[in-house]
Amino acid sequence: MAGLKRRVPLHSLRYFISMVGLFSKPGLLPWYARNPPGWSQLFLGTVCKGDFTRVIATKCQKGQKSQKKPSHLGPLDGSWQERLADVVTPLWRLSYEEQLKVKFAAQKKILQRLESYIQMLNGVSVTTAVPKSERLSCLLHPIIPSPVINGYRNKSTFSVNRGPDGNPKTVGFYLGTWRDGNVVCVQSNHLKNIPEKHSQVAQYYEVFLRQSPLEPCLVFHEGGYWRELTVRTNSQGHTMAIITFHPQKLSQEELHVQKEIVKEFFIRGPGAACGLTSLYFQESTMTRCSHQQSPYQLLFGEPYIFEELLSLKIRISPDAFFQINTAGAEMLYRTVGELTGVNSDTILLDICCGTGVIGLSLAQHTSRVLGIELVEQAVEDARWTAAFNGITNSEFHTGQAEKILPGLLKSKEDGQSIVAVVNPARAGLHYKVIQAIRNFRAIHTLVFVSCKLHGESTRNVIELCCPPDPAKKLLGEPFVLQQAVPVDLFPHTPHCELVLLFTR
């Protein structure tokens, strides 16, 4: 990949690179004290010396183990591997410093658009006298870089389909579109964001498939059995693999044979080189199945992997959501924690809480933590993590937030301060969740985390900040966007987490 750095960047990058002048200068939040101020001081606007980005990075890198850069197992092929790199990691040609400038400029533009629209809804005249690059009412902090740039993913999902050579038992990532009928599965061992261990497991799964007499399931109605592979790892090097299999009309005895064959391959066969900590098998007749719809079957090894984060030991199930960049997640969660401003009189409401890390990391500073999560396994993980770490002031609820939240809020005493944290999937929050947050007056502070502030997530923010609207049942006072912090968890890609602080 290094030999390609001199090539002209993609057309899609030129526009963003032209905006790098918008990137915040290092002196935006200057301080040079040997002992940086506490987090609360920093976010309350206390004048201090140093750099917001550097302070967070320093706090979060402390104690982090270094990660190896993934080795590139072969020369980059200009026609297939390079094309895959351009799709999956479109910023790979840029230095990391340039990537951060691109992302900061993109996040700033998103906020400018969002603020302009909210101001119009609130009847505020948007003046054209202020330069566009400066037209932000909220405080936008410099982007926080990822401590790990290469091979940072702790979870990767590999597809099975026809490769460039036509072999249907190729394991990798897709190029092309189903609509155009030109989908090709390309091996991913050259991608900068995939760790060597993930690529190794994918390669051995491909070896297994090519030895198996059963065909892969490329299109559901055309038959076939073997489907995708998911690999999860932690910072200690433990590896969980999950194989998805379409049972078609196989009997239970025939299914048992296939499970034993793949188990033997990874325990005593060539796949033993992967050193898997655990291997799961899921029979699925749908594109995606939850554990409730089709249970994950442990073929061998430990049922969970564990991670150390923010002084907590965290349990992670095969189905549970966990940020894909562990070192970056610690920076993200520290940032969220500081923005909440919680204290011993505060109830922390953690919506879409996943394995509960944000709430549990702040439990000692709050009177109570209430978590809501759709995935049952993730809630079980959160409860285990709370018990293992001796946290007794937390409770976690399984189900859809739009169904649980209204009743949960009604049960709380009036006058008790509640701080809400929402970290929804890319699809955003259900409108009933927004209604419940807006209409519950005890919520004065809201921290909204988004990795893609487009579509439904944008609508969420607008409905949080728009004037009261009885037609939409938005009766409470609107929130005001006060601060925004971009946090990069996805080097080499255009994606970036944006943490937004709202108050009212």
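Residues numbered from 1 in each chain as written. Predicted model: local features only at pLDDT ≥ 70, side-chain atom pairs only at ≥ 80, totals over all residues. Heavy atoms only, no water.

- Looking at an unreviewed UniProt entry, one finds the protein named tRNA (uracil(54)-C(5))-methyltransferase, with Pan troglodytes as its source organism.
- Taken from UniProt, the Catalytic activity (unreviewed entry) comment for the protein reads in full: "uridine(54) in tRNA + S-adenosyl-L-methionine = 5-methyluridine(54) in tRNA + S-adenosyl-L-homocysteine + H(+)". (UniProt positions renumbered as here; feature names shortened; annotations may be inferred.)

### Examining the overall build of the protein
And step 1. Per the secondary structure count, the protein includes 13 helices and 17 strands.
And step 2. The buried share among the 504 residues of the protein stands at 54%.
And step 3. Sequence separation of 24 or more characterises 67% of the internal contacts of the protein that already satisfy a separation of 6 or more.
And step 4. Summing over all exposed atoms, the protein offers an accessible surface of approximately 22700 Å²; the carbon and sulfur share of this is 52%. (Helix = DSSP H or I, 4+ residues; strand = E, 2+ residues; numbered from the N terminus. Buried < 20%, exposed > 50% of the residue type's maximum accessible area, 1.4 Å probe, protein only. Contact = heavy atoms within 4.5 Å. Areas by Shrake-Rupley, 256 points an atom, 1.4 Å probe, with all protein chains shown as cover.)

### So, the packing of helix α12 (residues 431-439) against helix α13 (residues 456-465)
And step 1. Where α12 contacts α13, the axes come no closer than 10 Å and their chain directions differ by 25 degrees. When the interaxial angle is binned, α12 and α13 end up roughly parallel. Note that α12 runs across α13; the crossing there is right-handed. Residues I434, I437 and R438 of α12 touch α13, and the partners they reach there are N460, E463, L464 and C465.
And step 2. Partitioned by chemical class, the residues of the contact of α12 with α13 number four nonpolar, one polar and two charged. (Axes fitted to C-alpha atoms, helices over the stretch in contact; angles between N-to-C directions. Parallel < 35°, antiparallel > 145°, perpendicular 65-115°, else oblique. Left-handed = near helix turned anticlockwise from the far one by under 90°. Nonpolar A, V, L, I, M, F, W, Y, C, P; charged D, E, K, R; others polar.)

### Structural notes on the packing of helix α5 (residues 96-121) against α13
And step 1. In contact at an axis separation of 10 Å, α5 and α13 are set at 35 degrees when each is read in the N-to-C sense. When the axes of α5 and α13 are compared, the crossing they make is right-handed. Between α5 and α13, the residues in contact are L114, Y117, I118 and L121 and T458, V461, I462 and C465, respectively.
And step 2. In terms of residue class, the contact of α5 with α13 is built from seven nonpolar, one polar and no charged.

### Structural notes on the packing of aromatic side chains
And step 1. Using the criterion set out here, one finds 12 aromatic pairs in the structure.
And step 2. An angle of 35 degrees between the planes, with centres 5.2 Å apart, marks the rings of F245 and F281 as tilted. Remark: F281 occurs in strand β7 (residues 278-283) and F245 occurs in strand β6 (residues 239-245); sequence separation between them is 36 residues.
And step 3. On the accessibility criterion, F281 (0% relative accessible area) is buried.
And step 4. The structure contains a cluster of three or more aromatic residues connected by ring pairs, namely F208, Y225, W226, F245, F265, F266 and F281.
And step 5. A cation over an aromatic ring shows up here: R315 above the ring of Y304, its NZ or CZ 3.8 Å from the ring centre. (Phe/Tyr/Trp six-rings, centres within 6.5 Å; stacked < 30°, edge-to-face > 60°. Lys NZ or Arg CZ within 6 Å of the ring centre and 35° of its normal.)

### Structural notes on the nonpolar core
And step 1. By size, the foremost hydrophobic cluster in this structure holds 48 residues, and its most contacted members are L349, I351, L405, I437, I443, L500 and F502.
And step 2. The leading source of residues in this core is α5, at seven residues.
And step 3. What F502 contacts, discounting residues up to four positions off in sequence, is H444, T445, L446, F448, V461, C465, F479, V480 and L481.
And step 4. In this structure, Y152, M331, L348 and F490 belong to the second largest nonpolar core, which totals 47 residues. (Core = buried A, V, L, I, M, F, W, Y, C linked by side-chain atoms within 4.5 Å.)

### A word on α12
And step 1. Of all the residues in α12, the buried ones are V433, I434, Q435, A436, I437 and R438.
And step 2. Those residues of α12 hidden inside the fold are in contact with β11 (347-351), α11 (401-410), β14 (418-422), β15 (443-450) and α13.

### A closer look at the sheet that holds strand β1 (residues 139-140)
And step 1. If you walk across this open sheet you meet the eight strands as β1-β16-β17-β15-β14-β11-β12-β13, and the pairing is mixed. Of all strands in the sheet, those bounded by a partner on one side alone are β1 and β13 (394-398).
And step 2. Inspection of the sheet shows β11 paired to strand β12 (residues 368-373) by five bridges, in the parallel sense. Across the sheet, residue I347 finds its bridge partner in β12, namely R368.
And step 3. On the sheet, α5 packs against β1, β16 (480-487) and β17 (497-503) and is oriented at approximately 165 degrees with respect to β16. (Pairing = 2+ DSSP bridges.)

### Thoughts on the pairing of β17
And step 1. Most of β17 is tucked away: six of the seven residues are buried.
And step 2. Direction of pairing for β15 relative to β17: antiparallel, over a ladder of six bridges. Note that in β17 the partner of S450 across the bridge is L498.
And step 3. Pairing of β16 with β17 involves seven bridges; the strand directions are antiparallel.

### Side note on the UniProt feature "binding site: S-adenosyl-L-methionine" (unreviewed entry) in the protein
And step 1. UniProt records the feature "binding site: S-adenosyl-L-methionine" (unreviewed entry) at Q323, E373 and N423, using the numbering of this structure.
And step 2. For Q323, the residues in contact, after removing those within four places along its chain, are N154, A329, L332, Y333, N423, L489 and E497.
And step 3. Looking at where N423 falls in the secondary structure, it is placed in the loop between β14 and α12.
And step 4. With relative accessibility at 12%, the residue N423 sits in the buried group.

### With respect to unusual backbone geometry
And step 1. Positive phi is not limited to glycine here, since L310 has a value of about 50 degrees.
And step 2. Considering the arrangement of structural elements, one finds L310 in the loop between β9 (305-309) and β10 (312-316).
And step 3. Judged by its relative accessible area of 15%, L310 is buried.
And step 4. For H492, which is not glycine, the phi torsion reads 75 degrees and is therefore positive.

### What to know about the pairing of β14
And step 1. Counting buried positions over the five residues of β14 gives five, a clear majority of the element.
And step 2. Every second residue of β14 is oriented toward a common face, with I418, A420 and V422 on one face and V419 and V421 on the other, all of them buried.
And step 3. Sheet topology places β11 next to β14; five bridges connect them, and they run parallel. Looking at β14, one finds that L349 is bridged to A420.

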